[in-house]
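Letter by letter, the chains look like this.
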Amino acid sequence: MRNLLFLLFAVTFMLAASEEMSQVQILASKVERNATVLSAQESVVVYYKDMILQADRALYDTNRSIMEFFGNVTLMKGMEYALLGDYVYLDLKNDHDIFENYFLAGFETQLWARGKKAERHKEEISLQKALLSSCDVTCPDWHIEFRSVDYNMTTKWMNIWNPRFYIKDMPVFYLPYLGVSTEKERKSGLLRPNFGISDRDGFIYEQPFYLAIDPQWDLQITPQYRVDRGIGAYALFRFVDSPYSKGHIKAGYFKTKKSYVEKYDLKNSSHYGMELRYERTRLFSPLGGDSRDGFYADITYLNDPDYINLQARTNAELADSSQVQSRINYYYNTQDNYAGIYGKYFIDTALSDEERRETFQNIPIIQLHHYQNALLGFNSLQYSADYRFNHFFTESGKHIEFQEINLPLTFYTSFFDDYLKFSISENLYYSYSAYKNMEDVLKKNGVENDYYSLFRNYHRIDLYSDLARSYGENFHTMQLRVTYNKPSFSSEKGATIEEISVLRSPRENLMMSVINYLYDARDKEFLYYRIAQPILYEPAEESGGKYNRYGDLENEIRYRFLDHYEIYTDIFFSYYLHTVSAATSYFKISQPKFDIMVNHFIKQRLNDEKNVEKTSDFFNLNGTYRSEAGHDYYANISYDNLNRRMNRWGIGAHFYRHCWDLDIGIRDEMKPILTSAQADSIHNITFYFRINLVPFGEYEHAFEQEL
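Quick notes on the rules
- Residues numbered from 1 in each chain as written.
- Predicted model: local features only at pLDDT ≥ 70, side-chain atom pairs only at ≥ 80, totals over all residues.
- Heavy atoms only, no water.
- Helix = DSSP H or I, 4+ residues; strand = E, 2+ residues; numbered from the N terminus.
- Buried < 20%, exposed > 50% of the residue type's maximum accessible area, 1.4 Å probe, protein only.
- Areas by Shrake-Rupley, 256 points an atom, 1.4 Å probe, with all protein chains shown as cover.
- Lys, Arg positive; Asp, Glu negative; His and termini not counted.
- Salt bridge = Lys/Arg side-chain N within 4 Å of Asp/Glu carboxyl O.
- Polar contact = N/O pair within 3.5 Å; in protein donor to acceptor, adjacent residues only side chain to side chain.
- Contact = heavy atoms within 4.5 Å.
- Pairing = 2+ DSSP bridges.
- Core = buried A, V, L, I, M, F, W, Y, C linked by side-chain atoms within 4.5 Å.
- Disulfide = S-S within 2.5 Å.
- Patch = residues over 30% accessible without salt bridge, like charges linked within 9 Å, V, L, I, M, F, W, Y side chains within 5 Å.
- Phe/Tyr/Trp six-rings, centres within 6.5 Å; stacked < 30°, edge-to-face > 60°.
- Lys NZ or Arg CZ within 6 Å of the ring centre and 35° of its normal.
- pLDDT = per-residue confidence, 0-100.

## Quick notes on the overall build of the protein chain
Here comes step 1: Looking only at helices and strands, the protein chain features 5 helices and 46 strands.
Here comes step 2: Looking at the protein chain residue by residue over its 707 residues, the buried ones come to 40%.
Here comes step 3: As presented, the protein chain carries roughly 39400 Å² of accessible surface, and 56% of it is formed by carbon and sulfur atoms.

Following this line, the structure appears as structure tokens:
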């Protein structure tokens, strides 16, 4: 009977509001009408536009287009927000709402608010003396209490006045005002300030300003003030000029106080620089065609490594040396041909102005290549061609023009039903170097001619085989190869300068290698093994008055076992040194709850006293533990066994929650600096934390101790 009454008393009213026809549909178990006022009680449900409302009792003034809801009010507005409250007032004509003793939840923002009174006027929502959070409603990990909040549903911008931030019930900090965007679209304005404390620089304050008025570019300007050091600013301009490109320009300047320069004996009081990064595909190549081209530029100019260090947010962003390399590359690639033009420019801030003028730059580098193709339609006979041009120069006026051409003609065949494959090639190689304004360098190296040319014909014979076989559930593949290079006719004129020689013509040598792969029943590789041995027929290295014929024997092994464990080693044994010349190895465990990786690198050489000495010897240890609660605990250590010192170390934890995550830790790395005497480095110990509050975003903070 109750359900029947519910349907019988369903009432639909049509009304005009703001020159639009709007429909209100009311369903209730009991409905009464007094003149223009409709009263509904018991199981009240109201539909209006994209809103659904439920309440114990409702009043609807059809003349004034005002609706009021009393007791256990529930409001759903499309996929935007939901509300629970004791009282709701809706002015349909003026698009104005009032809510009392409410709980409001936004579906897109993941935020909820609870308070005594809230109002909505068209797209504006205001809350008074309420609590805001995105955590669990019953016991939020964090919440914000505030005097008032204004939120625009169109612009997705929220103004919070007098916010007090709490972790559980403990107050953490207070702000007079906080402005937050709840959408991902870019907006102009002040970004979150960054604070820091450094033992050398004192209190650090950065206040970024962000400008985004065009979808194709944005600009960020970040002034910074370091109390004990000085003041400066950095600017970052990012842009996209086509659907296939992106880039940014960064520039900055920092002025260091005179007292700071004298205290730490810095080379420069001003630190400045400029960077350009740009990459683009399809610069000239048509869309949908077979050709491809691309352009890439990575250009940096600076006077000091501190130009980079003063804007670094993490230790990974610190300059790793006083040297900087800039590059410009362009290539055009078709099915048959490749063309490229490149450039390299080097800056070493530790050098004097005179030494920089003598640094060789490499601009341009030109490469033209014709891919391997059949000669006269014979697939067994393949040819290719390669041309390279390198221009080396210094600011003092020295020039080297280096050109080389390589023309291989290769014949392919196979024997024993393709078990043994064979190729033989004849290679024509020509190179020419021209030296200009380099009389002092030529004289120093005992070179009389101002050019060098080499024409060489060499043969290459290649025997190889790819074998495969199953062993029960396992599968084994093996690749065997023997390659022999034999120079033939050779004509050489002039002399080359060894330190800048880039000749690619091989000496007489024989290379033997075997590669093995073993796979289990799941087609997963569990063993990889490679061994390679070069044999040198021309003089290469000298030991005890005799030339060594054998190059380094290389053994590379990777073994995966029990699904979670991996061992790898790559060892080079030198007959010249009678010991290991270089070795890289690691042991890795990848479990669902933790990851551990230990690696070691060593390199050795023969010194001037003919004794074997280590040039590198260091260990790295990295570990991560994942708790059942979903938190990560991590640590890393890098130890220089050669100098008996710790290069870097770090320890930290990453806590994850639905409404927040926190990354906190301490780390130490070497930080390069430039003193008046030389390039140097200092230990940089940093305590850092980064917290992300959903949906407000991230906040980072770091305390630095430099030793």
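## Digging into the side chain of D293
Here comes step 1: Relative to the assigned elements, D293 resides in strand β24 (residues 292-302).
Here comes step 2: Buried and unpaired, D293 has R282 as its nearest opposite-charge partner, separated by 6.5 Å.
Here comes step 3: Within polar-contact distance, the side chain of D293 engages the side chain of Y330 at 2.9 Å.
Here comes step 4: For D293, the contacting residues outside a window of four places in its chain are R280, T281, R282, L283, F284, S285, Y330, Y331 and Y332.

## Description of the pairing of strand β18 (residues 202-206)
Here comes step 1: As paired strands, strand β17 (residues 194-198) and β18 are joined by 5 bridges and run antiparallel to one another. Across the sheet, residue N194 finds its bridge partner in β18, namely E206.
Here comes step 2: Joining the antiparallel neighbours β17 and β18 is a turn of 3 residues.
Here comes step 3: Bridging between β18 and strand β20 (residues 217-226) involves 3 bridges; their strand directions are antiparallel. Bridging from a neighbouring strand, I204 pairs with R226 of β20.

## Some remarks on unusual backbone geometry
Here comes step 1: I363 connects to P364 through a cis peptide bond whose omega is -5°.
Here comes step 2: Phi angles above zero are rare outside glycine, and D563 is one such case at about 70°.
Here comes step 3: By the secondary structure assignment, D563 is in the loop between β37 (553-561) and β38 (565-574).

## Observations regarding the nonpolar core
Here comes step 1: M67, F69, V88, Y102 and L127 are the most contacted members of the largest nonpolar core, which totals 47 residues.
Here comes step 2: Filtering out sequence-adjacent residues up to four positions away, L127 remains in contact with Y102, L104, A113, K117, A118, F146, R147, S148 and V149.
Here comes step 3: With 13 residues, the next largest nonpolar core counts Y435, V441, L454 and I497 among its residues.

## Structural notes on the pattern of salt bridges
Here comes step 1: Going through the model one piece at a time under the given rule, you end up with 33 salt bridges.
Here comes step 2: Note that E508 is salt-bridged to K486, the shortest N-O span being 3.3 Å. Residue E508 is found in the loop between β32 (474-494) and β33 (509-519), and its partner K486 is found in strand β32; the two are separated by 22 residues along the sequence.
Here comes step 3: Between D617 and K614 there is a salt bridge, and its shortest N-O distance comes to 3.2 Å.
Here comes step 4: Taken together, the salt bridges that share partners define one network made up of E525, R558, R560, E566 and K588.

## Digging into the state of the cysteines
Here comes step 1: A complete count under the given rule lists 1 disulfide for this structure.
Here comes step 2: With a sulfur-sulfur separation of 1.8 Å, C135 is cross-linked through a disulfide to C659. Taking the sign of the torsion about the S-S bond as the criterion, the disulfide between C135 and C659, at about 85°, is right-handed. Of the two residues, C135 sits in the loop between β10 (124-133) and β11 (142-152) while C659 sits in the loop between β43 (645-656) and β44 (660-674), which places them 524 residues apart along the sequence.
Here comes step 3: A relative accessible area of 6% means that C135 is categorised as buried.
Here comes step 4: A residue is classified by how much of its surface remains accessible, and C659, at 3% relative accessible area, is buried.
Here comes step 5: No disulfide involves C139; its nearest neighbouring cysteine sulfur is the one of C135, lying 9.6 Å away.
Here comes step 6: Relative accessible area serves as the criterion here: at 45%, C139 is assigned to the partly exposed category.

## Regarding the pairing of strand β19 (residues 209-214)
Here comes step 1: The sheet contact formed by strand β16 (residues 189-190) and β19 spans 2 bridges and is antiparallel. What sits directly across from G189, in β19, is Y210.
Here comes step 2: Strand direction decides the pairing type here: β19 and β20, joined by 4 bridges, are antiparallel. Bridge pairing in β20 places F209 opposite I221.
Here comes step 3: Linkage of β19 to β20, two consecutive antiparallel strands, is achieved through a turn of 2 residues.

## Re a nonpolar patch on the surface
Here comes step 1: Where nonpolar side chains cluster on the molecular surface, the patch consists of I557, Y559, I567, F587, I596, V598, L621, I637 and M646 and spans about 650 Å² of accessible area.
Here comes step 2: Of all elements in the fold, only β37 and β40 (594-606) reach the threshold of two or more residues within the nonpolar patch.
Here comes step 3: Along the chain, I567 turns up in strand β38.

## Here we look at the packing of aromatic side chains
Here comes step 1: The tally for this structure, following the rule as stated, stands at 28 aromatic pairs.
Here comes step 2: Note on F165 and F173: the rings are 5.2 Å apart at their centroids and 15° apart in plane angle, and the pair reads as stacked.
Here comes step 3: Residue classification places F165 among the buried residues on the basis of a relative accessible area of 8%.
Here comes step 4: Using a relative accessible area of 46% as the deciding quantity, one classes F173 as partly exposed.
Here comes step 5: Aromatic ring contacts, followed pair by pair, group W217, F237, F239, Y278 and F295 into a single cluster.
Here comes step 6: Of note, R481 hangs over the ring of Y464, and the distance from its end group to the ring centre comes to 4.4 Å.

## Describing the confidence of the model for the protein chain
Here comes step 1: The predicted model of the protein chain has a mean per-residue pLDDT of 85, with 90% of residues at 70 or higher.
Here comes step 2: Across residues 1-22, confidence stays below pLDDT 50; counting only partners more than four residues off in sequence or on other chains, it has 46 contacts.

## Details of the environment of Y634
Here comes step 1: Within the element layout of this structure, Y634 appears in strand β42 (residues 632-640).
Here comes step 2: Within polar-contact distance, the side chain of Y634 engages the side chain of D663 at 2.5 Å.

## Quick notes on the environment of A653
Here comes step 1: Within the element layout of this structure, A653 appears in strand β43.
Here comes step 2: Residues A653 and A635, spaced 18 residues apart in sequence, show a C-alpha to C-alpha distance of 8.6 Å.
Here comes step 3: What A653 contacts, discounting residues up to four positions off in sequence, is D632, Y633, Y634, L662, D663 and I664.

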